[in-house]
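Coordinate inspection notes
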Amino acid sequence: MKLLLQRYLAAQFVLPLVVSTIFFISFLLTFELFRMTELLVTRDISLWFTLKLIGNIALTFVPLSLPIAVFFSTIYCLNRISGDSEYIAMRAGGMTKFKILLPFLIIAGLLTVSVYQLNQTVIPKSNKAFKQKLNYLTSSGLLAGIKEGQFFTLIPSLTLFASKSTKYGRNLDEVFLHIQENPQNSKVIFAKRGELIFERDAESLTEKLTLVLHDGNIVGQAKGTDQEKILFSKYVFPVSQQQFEDRLSIKETMLSSKELEGVLKMTPEEAEKAYRFNKKEFFNAKYEFWNRKNGAFVCFIFCFLGFTLGVTGNRGKGKNSGLIGLLCLILYYGLYFSLVSFAKKEVIPIPVAVFLPVTVMTGLGLWFYRKLDWQS
């Protein structure tokens, strides 16, 4: 009978957990997609590409959303069980509060292991895939910067001016192009018309930008101090791909936990050489390593704390568990980010800053657990 009741409690917990997780992920996803609305609407991309992009973003929000979802789902479930006096019946049937708590902890433990495993390689790969897709979208934004009657300077070492331009600079009239090949050498190109050909592969995410000019001339410096002028009917100018390659810089969120562990053993100079990390990024990499471990453990602690707050109807007494839960979250995240800022100033070690708030929440949960007005 006790096993049956524990299965019942687990079933009552799973549904609000799934719903709240989807809600929190969708809530965070809405803000991210809102920033990308123009890119998604104005770019020629497939539905499948959009869905994969949303999937990559949603997966990166799981470690942030799941602990909060577990916390409020546990409170909700216990509020409902308390309000219906079901926990009184269970206690009258001989179940201790720990046995009622056990199914919640088992589910939270499984979620903790799952988040920990996702943080090892899956979520870092998803972060990298999202960044690649975002770069793929924003690359065509270069063309949107080409406007008639205005100088275009977004491409390094290149200045472009066109008296007339169609949408996204696909077709140009009366083109002026200045190319700074090196500090001592530059050339100027005039053309009656031109067209930009921007090729992208949605699978490999490779990009190629080519400027085709018609009926013009090239003025440049020849050997010595002489100037040379070349007339052409058609000139194909491939824009350097270096700008596209450099845009995907490695971030700490893209590294696997094993790679981050390697960063912990590096000096700032070694990290700069291996990943081009500056001082701030070097700190972020060390912080990310410890934060991933803490993020998984928080699911378990928040479930325990939510259980202790969720019991509201014991012997006619009640408490505003939702408000107390919100205050606990404010306390946790306020303390967490305050300590991280101290760690950034090297006042305290990063592990202390990351794990001290969850330790405080554990102590708070034990205090509430002992204060439950039940016989144990």
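Everything below is about the structure printed above this text.
What comes next is a walk through the structure.

About the thresholds
Residues numbered from 1 in each chain as written. Predicted model: local features only at pLDDT ≥ 70, side-chain atom pairs only at ≥ 80, totals over all residues. Heavy atoms only, no water. Core = buried A, V, L, I, M, F, W, Y, C linked by side-chain atoms within 4.5 Å. Buried < 20%, exposed > 50% of the residue type's maximum accessible area, 1.4 Å probe, protein only. Helix = DSSP H or I, 4+ residues; strand = E, 2+ residues; numbered from the N terminus. Axes fitted to C-alpha atoms, helices over the stretch in contact; angles between N-to-C directions. Parallel < 35°, antiparallel > 145°, perpendicular 65-115°, else oblique. Left-handed = near helix turned anticlockwise from the far one by under 90°. Contact = heavy atoms within 4.5 Å. Nonpolar A, V, L, I, M, F, W, Y, C, P; charged D, E, K, R; others polar. Expected span 1.5 Å × (residues − 1). Bend = angle between axes of the 7 residues up to and from the residue. Phe/Tyr/Trp six-rings, centres within 6.5 Å; stacked < 30°, edge-to-face > 60°. Salt bridge = Lys/Arg side-chain N within 4 Å of Asp/Glu carboxyl O.

Another point: the nonpolar core. Phe13, Leu17, Val70, Phe104 and Phe307 are the most contacted members of the largest nonpolar core, which totals 29 residues. Mapped by element, the contributors of at least two residues to this core are helix H1 (2-35), helix H4 (62-83), helix H5 (86-92), helix H6 (97-139) and helix H11 (279-310). Ranked by the residues each element gives to this core, the list is headed by H6, at eight residues. Counting residues in hydrophobic clusters, the runner-up holds 23 residues, among them Ile301, Tyr332, Ile350 and Met361.

Now for the packing of H4 against helix H12 (residues 321-344). The geometry of H4 relative to H12 is characterised by a closest axis approach of 11 Å and an angle of 160° between their N-to-C directions. When the axis of H4 is compared with that of H12, the two are roughly antiparallel. In the crossing of H4 with H12, the sense of the turn from one axis to the other is right-handed. Along its contact with H4, which presents Ile68, Phe71, Phe72, Ile75 and Asn79, the element H12 presents Ser321, Gly325, Cys328, Leu329 and Tyr333. For the contact of H4 with H12, a count of residues per class yields seven nonpolar, three polar and no charged.

Moving on: helix H13 (residues 350-371). The end-to-end C-alpha distance of H13 is 33 Å, a good match for the 32 Å that 22 residues give at a rise of 1.5 Å each. Leu356 marks the point of greatest bend in H13, at about 30°, and the proline Pro357 comes within the next four residues. Every buried residue of H13 is accounted for by Ile350, Ala353, Val354, Pro357, Val358, Met361, Gly365, Phe368 and Tyr369.

Considering all chains together, one arrives at 22 aromatic pairs under this definition. Relative to Phe307, the ring of Phe104 has its centre 6.0 Å away and its plane inclined at 55°; by these criteria the two rings are tilted. Residue Phe104 is found in helix H6, and its partner Phe307 is found in helix H11; the two are separated by 203 residues along the sequence. The exposure classification of Phe104 matches that of Phe307, with both residues buried. Between the aromatic rings of Tyr332 and Tyr333, the centroid separation amounts to 4.8 Å while the plane-to-plane angle is 80°, which identifies the pairing as edge-to-face. One aromatic cluster is present, formed by Phe71, Phe72, Phe283, Tyr287, Phe302, Tyr332, Tyr333, Tyr336 and Phe337 through successive ring pairs.

Within the fold, Asn119 resides in helix H6. The buried category is assigned to Asn119, whose relative accessible area is 6%. As a C-alpha pair, Asn119 and Ser257 span 138 residues in sequence and 7.1 Å in three-dimensional space. Here Asn119 is in contact with Pro63, Pro124, Ser257 and Arg292, once residues within four sequence places are set aside.

Okay, unusual backbone geometry next. Phi is positive for Asp215, close to 55°, though the residue is something other than glycine. Residue position: Asp215 is located in strand E5 (residues 207-221). Owing to a relative accessible area of 40%, Asp215 belongs among the partly exposed residues under this scheme.

Here the focus is the pattern of salt bridges. Counted by the stated rule, this structure contains three salt bridges. The partner of Asp84 in a salt bridge is Arg80, with the nearest N and O atoms 3.4 Å apart. A salt bridge links Glu281 to Lys251, with the shortest nitrogen-to-oxygen separation between them at 3.2 Å. Of this pair, Glu281 sits in helix H11 while Lys251 sits in the loop between helix H8 (242-246) and helix H9 (257-264), and the two are 30 residues apart along the sequence. By relative accessible area, which is 14% here, Glu281 ends up buried. Exposure remark for Lys251: the relative accessible area of 31% places this residue in the partly exposed category.

Let us now look at the packing of H12 against H13. The packing of two helices is summarised by the inter-axis angle and the distance between the axes. The interhelical angle for the contact between H12 and H13, taken along N-to-C directions, is 160°, at an axis separation of 7 Å. Judged by the angle between their axes, H12 and H13 are roughly antiparallel. Both H12 and H13 take part in a crossing whose hand is right-handed. Each of Ile324, Cys328, Leu331, Tyr332, Leu335, Tyr336, Leu339, Val340 and Ala343 in H12 lies in contact with H13, whose residues at this interface are Ile350, Ala353, Val354, Leu356, Pro357, Val358, Val360, Met361, Leu364 and Phe368. Grouping the constituent residues of the contact of H12 with H13 by class yields 19 nonpolar, no polar and no charged.

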